[in-house]
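Here is how the chains run, residue by residue.
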Number of protein chains: 2
Amino acid sequence: MVDMPTPITPRLPRGMRDILPQKMLQRQYVIGEIEKIFQRFGFEPLQTPVLELRETLMGKYGEDAEKLIYDAKHREGKEELALRYDLTVPLTRVVAMYPDLVKPFKRYQIAPVWRAERPQKGRYREFYQCDADIVGSASMLADAEIITMIYTVLRALGFQNFVTKINNRKILTGIGQYAGVSDELLGGLYRAIDKLEKIGVDGVREEMQRNAIPTPVVDKIIDLISLPSNAISELYERLGDIPIAREGLDELTQLATFLADAGVPHTHYQFDFAMVRGLAYYTGPIYETVVTEPKIGSLTGGGRYDNLVGLFSKHSLPTTGTSFGIERIIDVMDELAMYPASIGKTVTQVLVTVFNAELVGVSLRVTNLLRAAGINTELALAGEGLGKQLKYAAAKAIPFTVIIGPDENAAQQATLRDMTTGEQSVVAQTELANVLYAKLHKNTQTT
Amino acid sequence: MVDMPTPITPRLPRGMRDILPQKMLQRQYVIGEIEKIFQRFGFEPLQTPVLELRETLMGKYGEDAEKLIYDAKHREGKEELALRYDLTVPLTRVVAMYPDLVKPFKRYQIAPVWRAERPQKGRYREFYQCDADIVGSASMLADAEIITMIYTVLRALGFQNFVTKINNRKILTGIGQYAGVSDELLGGLYRAIDKLEKIGVDGVREEMQRNAIPTPVVDKIIDLISLPSNAISELYERLGDIPIAREGLDELTQLATFLADAGVPHTHYQFDFAMVRGLAYYTGPIYETVVTEPKIGSLTGGGRYDNLVGLFSKHSLPTTGTSFGIERIIDVMDELAMYPASIGKTVTQVLVTVFNAELVGVSLRVTNLLRAAGINTELALAGEGLGKQLKYAAAKAIPFTVIIGPDENAAQQATLRDMTTGEQSVVAQTELANVLYAKLHKNTQTT
C-alpha cells in the first residue's frame, strides 16, 4: 500500500495546457484531414526528436530564439540540449545527415514545438506546427505543388473565402536595387514594406523615413508595392532591366501558369508585391494564406529557402515548403463551428448497460459482438442501477444505449434506446450490430 | 541572400533518433491500429504537455527518476520544469485538476516520454508510451475490459502466441502475512519473487535468504509461488483465512469469469502467482503480456493502482490500466516482418511523369484528376528526362508511373506502367483513375 502524503497541488506550467477528450477529437479530425491530403500529394511522414543539440537549433535564429528557447539537461548529461523551436531546422539537419535520401525529398511533420513567448489568450508555449516541404527541386512546379496543396487542404477543412498571397523575394531585392537602397538598409526597407496592410501607405512612408531611406526612394517604392495583383506587366516594364527582378517576375509568371493547370481557382491566389514575410532565409517565391471573410489573419505561411540546408552541409539544396498554422486553424474552426456532425463529443457510439450482477455475462457478450462489428462500444462499469448508467450515457453524450433485462434476455433480445429522441426498439441480440450500424450511419448523414 | 558560414555538423543528441519515412509508415500503421481498438473500447484521447512542473513529476518515483529525468528551463523562466517521464502521472494530475470529468474516465494517450537511460541497441532516451486507463471504477469489469483490449490489440497486429499473465498484489500481501514476513522485509520479498523466471527457484531462495528472510518462511513461500496457473483452489485452501488474500483470490476468480464471457480464449491468459511487477503503486490485479513463441519478453504491463490520484487530491479514485510497450512491439513486428503488404515503402501510389516543358500542363491536369479520385499521386519535379524520372520512381518503390508523350496526349490517352512487372497499358486519361484504382486494389489483395 502506498502512503498518502499531503497532496501536491495539481498545476500546469505557465503557458501550457491539457487538451481534454472532446477537443482532442476535433483536433484529431483536423490533423487527420491534413495528413490525408499531405499523403495524397506524395509527402512522407518524418519524426525527429524533441530534444536537439543547442548548436543545431541556434544556427538559424540568433538572439530572438535565445530569449524564447527552452534548454534541457539531465543530471549527468554533458551535452547542451534544447527543445526544438520549429520543424524546419530539424528537417535541414536530417537532409544533411542522410545524404542518401532520394531527392526530391517530400516530407511532412505535424508535431509540437516550444517557445517561451508571453502567454496570452489562444497562445501557448507548447504548440503544434504542421509543415510540408520539398527538398531538392528548384522547379517552380514544386512551389505550385505546395500552393495547390494549401488550397486542397483548406477546402477539405471547409474554408471558403481564402486567398494565398504570393510574392517573390527576388522582386523585393530588385525593388531595393531599382530604388538604390544600400544593402545595409534592405532589412529596414523590408520591415517597413511588411507593415503596409497594418499601417497603410502613410505609415510605411514614415517608417521608411525613420529607417533613413531618402524621400525620392520612398516614393518610388511606395509606387511599386501599391501595384495591384494583376499589374505584373507594369512591374516587368519598370524592373525588367534588373536581372534579379526579372528572374523573380519570370518565376511568378510560370507559377501562375502551373496553378491554373493544377486547377486552383483564380479566386484563391493573387500576387501581393508588398508581402515580405518575416524570416530572413527566404530566397524565392513566398506565400501566405489569409481568410478574407471573416477576417482572421493568416492560416499558412511559407516559401522557398534554397540556402538553409547549407547550415549543415557544404552542398545546399533548393527547398520550398509551407507551414499550416494548425493551432489557429483549430481555433477558427471552433469559433465558426466548422466540424462535421460525425465528430461527436465522445468516441463511444453505444453504451451497453448492465442490468444486474446475474446479467453481466450477457452484457459482456453483446459488447463483444458490437465491437467485432466495428462499433465503438462502452460497457457500463459503475456497478450501479440502470438510471445512473443512462445518466452517464447522457452526461457523455453517447448517442445510443442497449438494455438487456431478464425478459429481453430470455427472448435473446435487447432494447436499443436512441438517447437523443428517447425512442426505444426491441431487437434480436444477433441483429443488434446491423440495426445499430444502420442508425449510426443515418445519424451521420442527416444531422 | 543568406551568408554561407562554416557548416554546423549535423548530429543527434545521445540516445535520440530520427524516424525516416519508410519506418514512419510502419509506425503509423501500428499506432493507428492500436488507436482504432482503443476507441472501439470507448477510450478517449487526451493530450498533456511534454513539460510539467518538476514537483508534479517527482511525487511518484523518487531517486530513480532523479537520475534519469530531463530538466528544462528558459532564460527568464522561474518555474522548475521537467520533461515527462511517463504518461501515468500526467493522467492523475489531469484527473485531480478537472474534478468535473465524467467518471469512469477512460482515456488513452500515445506520446513520447524522456528518460536519460544508458543508450543501447533498440533503447532510446525519447520513446513512445501507449497507455489506456480507466479512472473511477473499482469493478473487476474494468480490469476485464483492459485485458480483453490487450488481447484484441495484439490479435489485430497479427500476434498469435501470447499470454497475459495475471496476479493480484493482494495475494502477494497475503502471502507475506501467511509466511510471517514483517512489513519492512516485504519489498525485498517481492523483488526476490519477481526474479523467479530469470533465476529459478534456487536463485529466489538464495535471494530471499540474502534479504534476511528466515529459511522456513522461504520454503513456505517458494511452495506457494510455484503453484501452477490453475491451482487457485489450492491457494484458497492455504490463504483463505487471510482476509486480504481471500479478497485478491475472489477478484481473480471474478476476473476469469468476465474474461470468459468477453470471449478471450483461455489460451491467452493465465494466473502467475510469482508475478510481481516492479512499480510500488499497484494495489490489486496486475497483468503482463508475454509472447511465448518466439520468446521476446513482455509487450504490455499494467494493473490496478487505486491510490495514485491521491498524490494530487484528498479523494483518491480507483484506477486500472495498461501500457503497451509500443517500441518493442514495433521492433518485434520489424524483425518478424509482420506488416501487411499494403504498408509499402512510400505513401505514393503513382508518379505522373513530365514528358517535356510543353506537356507540363497535361501532367498537372492528370495529377489533379488522380488526386481528386483519392489516389496518392506525385508529380515528377526533377525537370529531367523520362529515364531519370522512372529511376526516381524505382528508387522510391512507387508502384506505378504514368507517361504522357505527345502522341498519347493527342489521343487524350496516357501510358500506365506497372513498375514491378514492367507491364504497360495505354488508357484514356479520363479512365486512368478507375483503371489505377482497380490495379492498386488488386495489388493489395494478392501480394
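Provided above is the structure to which this section pertains.
Conventions we followed
- Residues numbered from 1 in each chain as written.
- Chains lettered and ligands numbered in written order.
- Predicted model: local features only at pLDDT ≥ 70, side-chain atom pairs only at ≥ 80, totals over all residues.
- Heavy atoms only, no water.
- Helix = DSSP H or I, 4+ residues; strand = E, 2+ residues; numbered from the N terminus.
- Rg over C-alpha atoms; globule rule 2.2 N^0.38 Å.
- Buried < 20%, exposed > 50% of the residue type's maximum accessible area, 1.4 Å probe, protein only.
- Contact = heavy atoms within 4.5 Å.
- Areas by Shrake-Rupley, 256 points an atom, 1.4 Å probe, with all protein chains shown as cover.
- Lys, Arg positive; Asp, Glu negative; His and termini not counted.
- Charge placed at Lys NZ, Arg CZ, Asp CG, Glu CD.
- Phe/Tyr/Trp six-rings, centres within 6.5 Å; stacked < 30°, edge-to-face > 60°.
- Lys NZ or Arg CZ within 6 Å of the ring centre and 35° of its normal.
- Pairing = 2+ DSSP bridges.
- Axes fitted to C-alpha atoms, helices over the stretch in contact; angles between N-to-C directions.
- Least-squares fit on C-alpha atoms with pLDDT ≥ 70 in both.
- Core = buried A, V, L, I, M, F, W, Y, C linked by side-chain atoms within 4.5 Å.
- Polar contact = N/O pair within 3.5 Å; in protein donor to acceptor, adjacent residues only side chain to side chain.
- Buried area = accessible area lost by both parts, 1.4 Å probe.
- Salt bridge = Lys/Arg side-chain N within 4 Å of Asp/Glu carboxyl O.

Asks: Would you take a moment to explain the overall build of chain A for this structure?
Replies: When helices and strands are counted, chain A shows 16 helices and 16 strands. On C-alpha atoms alone, chain A measures out to a radius of gyration of 28 Å, which is more than a quarter above the 22 Å that the 2.2 N^0.38 rule sets for 447 residues. C-alpha extents for chain A along the principal axes are approximately 90 × 55 × 45 Å. Relative to its full complement of 447 residues, chain A shows a buried share of 57%. Contacts in chain A between residues far apart in sequence, at least 24 positions, make up 66% of those at least 6 positions apart. Total accessible area on chain A is roughly 18700 Å²; 50% of this is exposed by carbon and sulfur atoms. Taken together, the 49 basic and 54 acidic charged side chains of chain A have centroids lying 4 Å from each other.

Asks: In this structure, what is going on with the packing of aromatic side chains? I would like to understand it.
Replies: The geometry of an aromatic ring pair is captured by the separation of the ring centres together with the interplanar angle, meaning the angle of the planes. Summed over all chains, the structure comprises 16 aromatic pairs over all chains. Taking 5.6 Å as the distance between ring centres and 50° as the angle between the ring planes, the aromatic pair formed by Phe38 of chain B and Phe324 of chain B counts as tilted. Here the residue Phe38 of chain B occupies a position in helix H1 (residues 21-40), and Phe324 of chain B occupies one in strand S11 (residues 319-324), the gap between them amounting to 286 residues. There is no split in this pair, since Phe38 of chain B and Phe324 of chain B are both buried. Each ring, one from Tyr281 of chain B and one from Tyr282 of chain B, has its centre 5.2 Å from the other, and the planes form 50°; the classification is tilted. Exposure class is identical for Tyr281 of chain B and Tyr282 of chain B. Each is buried. Feature note: the residues Phe38, Phe43, Tyr108 and Phe324 of chain A constitute an aromatic cluster, connected by ring pairs. Lying across the ring of Tyr85 of chain A, Arg115 of chain A places its NZ or CZ 4.2 Å from the centre.

Asks: Explain the sheet that holds strand S14 (residues 400-403) of chain A here, please?
Replies: Backbone hydrogen bonds are what pair the strands of a sheet, in a parallel or an antiparallel way. Residues and elements named next belong to chain A. Strand order in this open sheet of 5 strands is S13-S12-S14-S15-S16, and the pairing throughout is mixed. Looking at the sheet topology across the chains shown, the edges are occupied by strand S13 (377-379) and strand S16 (424-428). Going across the sheet, the axis of each strand differs from the next one's by a mean of 25°, ignoring polarity. Relative to S16, strand S15 (residues 413-418) runs antiparallel, the two being bridged by 5 bridges. In the sheet register, Ala414 faces S16, and the bridge partner there is Val427. Contacting strand S12 (350-352), S13, S14 and S15, helix H14 (residues 386-395) crosses the sheet at an angle of about 160° to S14.

Asks: Can you help me understand the relation of the copies chain B and chain A in this one?
Replies: Mapping one chain copy onto the other needs a rotation about an axis and a shift along that axis. Mapping chain B onto chain A leaves a residual RMSD of 0.0 Å; the transformation is a rotation of 180° accompanied by 0.0 Å of translation along its axis. Taken together, the rotation and translation describe the operation of a two-fold axis. Closest to the rotation axis within chain B is the C-alpha of Ala72 of chain B, separated from it by 2.1 Å.

Asks: For this particular structure, what's the right way to read the nonpolar core?
Replies: A general feature of soluble globular proteins is that nonpolar side chains tend to end up buried together. Among the nonpolar cores identified, the biggest contains 132 residues, and Val30, Phe38, Phe159 and Ile221 of chain A are the most heavily contacted of them. The dominant element in this core, judged by the number of residues it contributes, is helix H5 (residues 140-156) of chain A, at 11 residues. Leave out the neighbours within four places in its chain, and Val30 of chain A touches Leu157, Ile326, Ile329, Ile330, Met333 and Tyr339 of chain A. Within the second largest apolar cluster, 127 residues are counted, among which are Met149, Leu196, Ile242 and Ile326 of chain B.

Asks: Help me understand the environment of Ala256 of chain A in this model?
Replies: All names here are of chain A. Tracing the sequence through the fold places Ala256 in helix H11 (residues 243-261). Judged by its relative accessible area of 21%, Ala256 falls in the partly exposed class. The spatial distance from the C-alpha of Ala256 to the C-alpha of Asp407 is 70 Å, given a sequence separation of 151 residues. Dropping the residues within four chain positions of it, Ala256 is found in contact with Tyr269 and Phe271.

Asks: Any chance you could explain the sheet that holds strand S14 (residues 400-403) of chain B here in plain terms?
Replies: Residue and element names in this part refer to chain B. Reading across the sheet, the 5 strands line up as S13-S12-S14-S15-S16 and stay open at both edges, with mixed pairing between neighbours. Only two strands of the sheet have a single partner each, and these edge strands are strand S13 (377-379) and strand S16 (424-428). Pairs of neighbouring strands in the sheet enclose a mean axial angle of 25°, with direction left out of account. Sheet analysis places strand S12 (residues 350-352) next to S14, joined by 3 bridges and oriented parallel. Its bridge partner lying in S14, Leu351 is registered against Thr401. Where helix H14 (residues 386-396) meets the sheet, it contacts S12, S13, S14 and strand S15 (413-418), and its direction lies at approximately 165° from that of S14.

Asks: Which parts of the structure should I look at to understand the environment of Gln424 of chain B?
Replies: Residue and element names in this part refer to chain B. Relative to the assigned elements, Gln424 resides in strand S16. Look at Gln424 and you get partly exposed, because its relative accessible area is 44%. With 22 residues separating them in the primary sequence, Gln424 and Val402 have C-alpha atoms 9.4 Å apart. For Gln424, the contacting residues outside a window of four places in its chain are Ile403, Thr415, Leu416 and Arg417. Within the structure, Gln424 has its side chain in polar contact with the side chain of Arg417 (distance 2.8 Å).

Asks: When you look at the interface of chain B and chain A in this model, what are you seeing that I'm missing?
Replies: When the parts of a complex come together, some accessible area is lost, and that lost area is often taken as the interface size. Each side of the interface is counted separately: chain B has 111 residues, and chain A has 112 residues. When chain B packs against chain A, the two sides together hide about 9800 Å² of surface, and 60% of this comes from carbon and sulfur. Three residues, Ile8, Gln47 and Leu381 of chain B, lead the burial of chain B against chain A; their summed loss comes to 8% of the area buried on that side. Close ionic contact of Asp261 of chain B with Arg365 of chain A constitutes a salt bridge, the shortest N to O distance being 3.1 Å. Along the contact surface separating chain B from chain A lie 47 residue pairs in polar contact (both at pLDDT 80 or more). Among the elements that line the side of chain B that touches chain A, the one with the most residues is H1 of chain B, at 8 residues.

Asks: Teacher, can you tell me more about the pairing of strand S11 (residues 319-324) of chain A here?
Replies: Within a regular beta strand, the side chains point alternately toward one face of the sheet and then the other, so they alternate between its two faces. Residues and elements named next belong to chain A. The element S11 is extensively covered by neighbouring structure, given that 5 of its 6 residues are classed as buried. When strand S6 (residues 126-135) meets S11, the two strands line up antiparallel, connected through 6 bridges. Looking at the pairing, Asp131 lines up with Ser323 of S11. Across 5 bridges, strand S10 (residues 298-304) lies against S11 in antiparallel orientation. Within the sheet, the bridge partner assigned to Arg304 lies in S11 and is Thr320.

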